[in-house]
Amino acid sequence: MSFERRKVRVGVVVGDKMDKTVVVAVEWRRPYALYRKSVRRRTKFKVHDENNEYRIGDTVRIRESRPLSKTKRWRVVELIQREEVAEIQPDEIVVEEITEESPAASESVYEAAVAQGGGDAGQEPA
């Protein structure tokens, strides 16, 4: 099979957990059958990445190839754009302290309103 006849797609790497494999999401559009509105669809391909050099967020060009495994039939041709993704470590996550405007505080405000007769709880239907 010549290289000219192989399919070529452009997509974004959405997974890089496997060894020598990345998952690339390719987005395409097709008009909805009845209303002819353009609808976005996404296909995920498992793509061979020999050197484990591509990361999540990278835009890559992929090319169809011979079967490399049960589900892998594509290879990365080139990196188009490298996207910087912020990595947040668990110790960097800040937990907010509970303030007076917490849900527990709003419940006490509701209970006070019911005690004054402003709420509908505990009232007989008319």
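What counts and how
Along each chain, numbering runs from 1 in the same order as the chain's sequence is written. Reporting in this predicted model follows two pLDDT cut-offs: at least 70 for local features of residues, and 80 or more for side-chain atom pairs to be given and counted; totals over whole chains, interfaces and linings ignore these cut-offs and use all residues. Each side-chain value is derived from all of the structure's non-hydrogen atoms; neither hydrogens nor water enter the calculation. Put simply, DSSP H or I for four residues or longer makes a helix, DSSP E for two residues or longer makes a strand, and each gets a number counted from the N terminus. Accessible area is worked out with a 1.4 Å probe on protein chains only. A residue is then buried under 20% of its type maximum, exposed over 50%, and partly exposed in between. Residue exposure ignores everything except the shown protein chains as possible cover, and the areas themselves are Shrake-Rupley values with a 1.4 Å probe. Only residues whose relative accessible area exceeds 30% and that form no salt bridge are eligible for patches; like-charged ones are grouped when within 9 Å, while nonpolar side chains (Val, Leu, Ile, Met, Phe, Trp, Tyr) are grouped when within 5 Å. Salt-bridge detection follows one rule: a side-chain nitrogen of Lys or Arg within 4 Å of a carboxyl oxygen of Asp or Glu. Nonpolar cores are built from buried Ala, Val, Leu, Ile, Met, Phe, Trp, Tyr and Cys residues. Side-chain atoms within 4.5 Å join them into one set. Contact between two residues is taken to exist if any of their heavy atoms lie within 4.5 Å; hydrogens are not considered. At least two bridges found by DSSP between two strands is the condition for calling them paired. Simply put, an axis is a line fit to the C-alpha atoms, just over the touching stretch for a helix, and the angle between two N-to-C directions goes from 0 to 180 degrees. In this scheme Phe, Tyr and Trp rings, the latter by its six-membered ring, pair at centre separations within 6.5 Å, and the angle between planes marks the pair as stacked below 30 degrees, edge-to-face above 60, and tilted otherwise.

So, on to the overall build of the protein. Regarding its fold elements, the protein presents one helix and five strands. Reading the protein from its N terminus to its C terminus gives the helix and strand order β-β-β-β-β-α. Looking at the protein as a whole, 21% of its 126 residues are labelled buried. Total accessible area on the protein is roughly 10,600 Å²; 50% of this is exposed by carbon and sulfur atoms.

Time to look at a nonpolar patch on the surface. A cluster of nonpolar side chains, Tyr32, Leu34 and Tyr35, forms an exposed patch at the surface whose accessible area comes to about 400 Å². Topologically, Tyr32 is positioned in the loop between strand 2 (21-31) and strand 3 (38-48). A relative accessible area of 42% places Tyr32 in the partly exposed class.

So, on to unusual backbone geometry. Glycine aside, the phi torsion of most residues is negative, and most peptide linkages are trans. Phi at Lys20 takes a positive value of approximately 60°, unusual for a residue other than glycine. Relative to the assigned elements, Lys20 resides in the loop between strand 1 (8-15) and strand 2. In this structure Lys20 comes out as partly exposed when scored by relative accessible area, which is 33%.

Formed by Val13, Val22, Val24, Val26, Phe45, Val47, Tyr54, Val60, Ile62, Trp74 and Val76, the largest nonpolar core amounts to 11 residues. When residues of this core are traced back to their parent elements, those giving at least two are strand 2, strand 3, strand 4 (59-64) and strand 5 (72-81). Leave out the neighbours within four places in its chain, and Val13 touches Val22, Val23, Val24, Tyr54, Arg55, Ile56, Gly57, Asp58 and Val60.

The next point concerns the sheet that holds strand 3. The strand order 1-2-3-5-4 describes a closed barrel built from five strands, whose pairing is mixed. Pairs of neighbouring strands in the sheet enclose a mean axial angle of 50°, with direction left out of account. Where strand 1 meets strand 4, five bridges bridge the pair, whose relative direction is antiparallel. Across the sheet, the residue bridging to Val8 is Arg63, located in strand 4.

This brings us to the packing of aromatic side chains. Tallying each qualifying case throughout the model produces two aromatic pairs. With 5.7 Å between their ring centres and 5° between their planes, Tyr32 and Tyr35 make a pair best called stacked. Ring plane angle 50° and centroid distance 4.7 Å describe the contact between Phe45 and Trp74, whose orientation is recorded as tilted. Pair noted here: Phe45 is in strand 3 and Trp74 is in strand 5, with a separation of 29 residues, a long-range link. Each member of the pair, Phe45 as well as Trp74, is classed as buried.

Attention shifts here to the pairing of strand 2. Pairing geometry for strand 1 and strand 2, over three bridges, is antiparallel. Residue pairing in the sheet places Gly15 in a bridge with Val23 of strand 2. Hairpin remark: strand 1 followed by strand 2, antiparallel, with five residues in the connecting loop; positive phi at Lys20, about 60°. Here 11 bridges tie strand 2 to strand 3, and the two strands are oriented antiparallel to one another. Across the sheet, residue Arg30 finds its bridge partner in strand 3, namely Val39. Counted between consecutive antiparallel strands, the loop separating strand 2 from strand 3 contains six residues, among which Arg36 sits at a positive phi close to 60°.

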